[in-house]
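# Chain and residue survey
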Amino acid sequence: MLKSNALKGLGLIIGLVIVLILMWASVLYGYTDITSQMIIDSFTNFDESNEHYIIQDNRIPRSLIAAAVGASLAIAGAIMQGLTNNPLASPTIFGVNAGASFFVVFGVTFLGITSLQSFAWLAFAGAAVASVTVYLLGSLGSDGLTPIKITLAGAAIAALFSSMTQGMLAMNETALEQVLFWLTGSVQGRSLEILMSVLPYLIVGWFVALLLGKHLNVLVMGEELAKGLGQKTYLIKLAGALAVVLLSGGAVAIAGPIGFIGIVIPHIARWFAGISYSWVIPYSAIIGAMLLLLADIAARYVIYPQEAPVGVMIALVGVPFFIYIARRGINE
Amino acid sequence: MNNKQFPVRLGKVSFLIDKKSFYIISLLTVLAIVLMIVSLGIGQLFISPVDVIRAVIGQGTEMENLVVNSFRMPRILLSMLAGAALAMSGAILQGLIRNPLASPDIIGITGGAALTTVIFLAIYTDRSNTLTMSIQWLPLASFIGAVVIGFLVYFLSWKNGRITPFRLVLIGVGVAAAADAVTSLVMILGPIHSAAKATIWLTGSVNGTNWNEIATIAPWVFGITFILFIYARRLNMQELGEDLAKNAGQLVQRDRFMLLLLSTSLAGGAVAFAGGIGFVGLMAPHIARKIIGSAFGALIPVSALVGGMIVVLADILGRMLFMPLEVPVGVFTSLIGAPYFIYLLFKSHK
């Protein structure tokens, strides 16, 4: 763990530099050979060559999207872990991704929606419905909100939404073809437009998250204590929920459901930054972006010349980590 | 001996059969048969129950004979068998782990079976989309996946000499996610070009079943069920807890191993042909316990019948609601099952 605030700040800057390097690498590496000179040329001196088109239409959007989605999912996970005081909280485990996917597929199947803007709104609605449902189910009963109950309620809601999604897809093959590529969870083949239409919401989510940090530090000590210290806990929870919905809904709208970033990254961030959410949230953002960029580059090579969906890569790294956390124990 | 039970002797083997259980099981069997007859008549060509029976014994019109015996019968038998297998698998797990939330899909066994099934199909499908290996080996493949994942989850959940129900479910959720991830990777890599078809199969579907598949799954399910009956008594002991079972002279660990093996092979058999039909293994044993109580000798057949009926019913709904489109059975079972799971979750916490 990094001890002083100066060191933590330095760590963040180094992290940011690594993210930028990885973004550059993400443009460089892949099936088509690209050199750094070509990247620069494609901006200053676009010559309509294949390489330049690939750089501008494929690699650069992909690199930006991986960074934005990775950071957003990781922040959403960190906030959820703070709000519910549950080390296993994350958009996948709580069914938020599944809810967003369900709404998007519903829109495509029954409402004939194809515009990107509406995709985003549907994803937000789904993320909101799922997180509110899971939160309410998790707080039912005399013992209030317990980590175990909310986790299991999340697993059940996720199963419910994903089976309904598959049911709709099974009935409507054209919709299936439209959304199957999206449902596997990938940052490949997404246009810059999708990112641009969602980016404003993500930015709002990032800012809310950064402002929330120190309030979450108080909230995790217990709701009673937080209230005693004069915190308006419902406001913090509402703001947190808003950030979670914007970030995970937005990420799903762009990249489809990508699991396990939200759960794994905040734990790694704590390892560097300690337990203060003021630091955990920015560290999560940086490390989340790094992980998704790395996983996306790796996804181009594991089954070369084909590409593996990055969601699969992340799951394979994330699951052992998840099991480790589950075994270490959460308060039952 | 009292007048509530009567003995049955088959050579050297003898059972005491509880009269009440006997009546309930008979009643449920009749109900299941009625349900299957109704289901046989439903579809684009509607056939009345009397004509269905006539067609089953080969006395109907040529068209009815064809539709009932060749098209509908296999899928309905598969629904029944797969539902029964998943339900028994769930009943064993719930007794073994003494956890009302346990079921083959929740702790990842179904996911493991799906994974090896997809791998089998990917390896042994040639370019012209035909299997190069006999389909008879398919249940073995999914059985291996079910067993590997089942034991993996079991051992990973083991900590300080015991398994808490919640740790088991959590680790199951995690391992199931990993299995899903690898499954989609194999689907992309393999020659199963129609990812759409595989998606539907993974949800749990009995569409397009043929007699060949029934001829493979039926002996598998019946064979394991037979072994299970011999073990049912031991399962009763397991439910009393490890210490008591040990004191009663049981080889607890060996029996656990056997029972887990039986449970996973039942789930594996079901998944091989019907895909991952969700939540049946969870719901059926609970419903059965309400009907008959928790002695396993009777609980297992009742669970099997209830599970089979749930899937047959889900299949009827799936075919009727959006005719001519078909909704995979797994969708309906999850629609009922997931809320039921949440209900159980809260009940077990009170």
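Attention here is on the structure that accompanies the text. On a predicted model such as this, the values are computed, not experimentally measured, just so you know.

## Regarding the overall build of chain A
A count of helical and extended segments in chain A gives 13 helices and 0 strands. Beginning at the N terminus, the succession of helices and strands in chain A can be written as α-α-α-α-α-α-α-α-α-α-α-α-α. For a compact globule of 332 residues, the expected C-alpha radius of gyration is about 20 Å, and chain A comes in at 20 Å, within 12% of that figure. In terms of principal-axis extent, the alpha carbons of chain A reach across some 65 × 55 × 35 Å. A total of 332 residues make up chain A; the buried ones form 57% of that total. Accessible area for chain A stands at about 13,600 Å²; split by element, carbon and sulfur atoms hold 69% of it.

## As for the packing of aromatic side chains
All names here are of chain A. Summed over the entire model, instances satisfying the criterion amount to 20 aromatic pairs over all chains. With a centroid separation of 5.2 Å and an interplanar angle of 90 degrees, the aromatic rings of F46 and Y53 are classed as edge-to-face. Among the residues examined, Y53 registers a relative accessible area of 36% and is labelled partly exposed. Here a set of aromatic residues connected by ring pairs shows up, and it is made of F102, F103, F106, F110 and F161.

## Regarding the packing of helix α1 (residues 5-28) of chain A against helix α2 (residues 36-44) of chain A
Residue and element names in this part refer to chain A. Orientation of α1 relative to α2, taken along the N-to-C sense of each, is 90 degrees, at an axis distance of 9 Å. The orientation of α1 with respect to α2, classified from their angle, is roughly perpendicular. Touching W24, V27 and L28 of α1 are S36, I39 and I40, all from α2. Residue composition of the contact of α1 with α2, grouped by class: 5 nonpolar, 1 polar and no charged.

## Describing the interface of chain A and chain B
Between chain A and chain B, the contact holds 40 residues from the first and 44 residues from the second. Each partner contributes to the roughly 3,500 Å² buried at the junction of chain A and chain B, and carbon and sulfur atoms together form 81% of this total. Considering only the side of chain A, the residues that lose the most area to chain B are L152, M171 and R327 of chain A, jointly responsible for 20% of the buried surface there. Counting every contact that joins chain A to chain B gives 0 salt bridges. Taken together, the links from chain A to chain B amount to 2 residue pairs in polar contact (both at pLDDT 80 or more). Elements with a contribution of two residues or more to the side of chain A that touches chain B: α5 (116-139), α6 (147-171), α7 (173-183) and α13 (310-328) of chain A. The biggest single contributor to the side of chain A that touches chain B is α6 of chain A, with 16 residues. In terms of residue class, the side of chain A that touches chain B is built from 28 nonpolar, 6 polar and 6 charged.

The rules behind the values
Residues numbered from 1 in each chain as written. Chains lettered and ligands numbered in written order. Predicted model: local features only at pLDDT ≥ 70, side-chain atom pairs only at ≥ 80, totals over all residues. Heavy atoms only, no water. Helix = DSSP H or I, 4+ residues; strand = E, 2+ residues; numbered from the N terminus. Rg over C-alpha atoms; globule rule 2.2 N^0.38 Å. Buried < 20%, exposed > 50% of the residue type's maximum accessible area, 1.4 Å probe, protein only. Areas by Shrake-Rupley, 256 points an atom, 1.4 Å probe, with all protein chains shown as cover. Phe/Tyr/Trp six-rings, centres within 6.5 Å; stacked < 30°, edge-to-face > 60°. Axes fitted to C-alpha atoms, helices over the stretch in contact; angles between N-to-C directions. Parallel < 35°, antiparallel > 145°, perpendicular 65-115°, else oblique. Contact = heavy atoms within 4.5 Å. Nonpolar A, V, L, I, M, F, W, Y, C, P; charged D, E, K, R; others polar. Buried area = accessible area lost by both parts, 1.4 Å probe. Salt bridge = Lys/Arg side-chain N within 4 Å of Asp/Glu carboxyl O. Polar contact = N/O pair within 3.5 Å; in protein donor to acceptor, adjacent residues only side chain to side chain.

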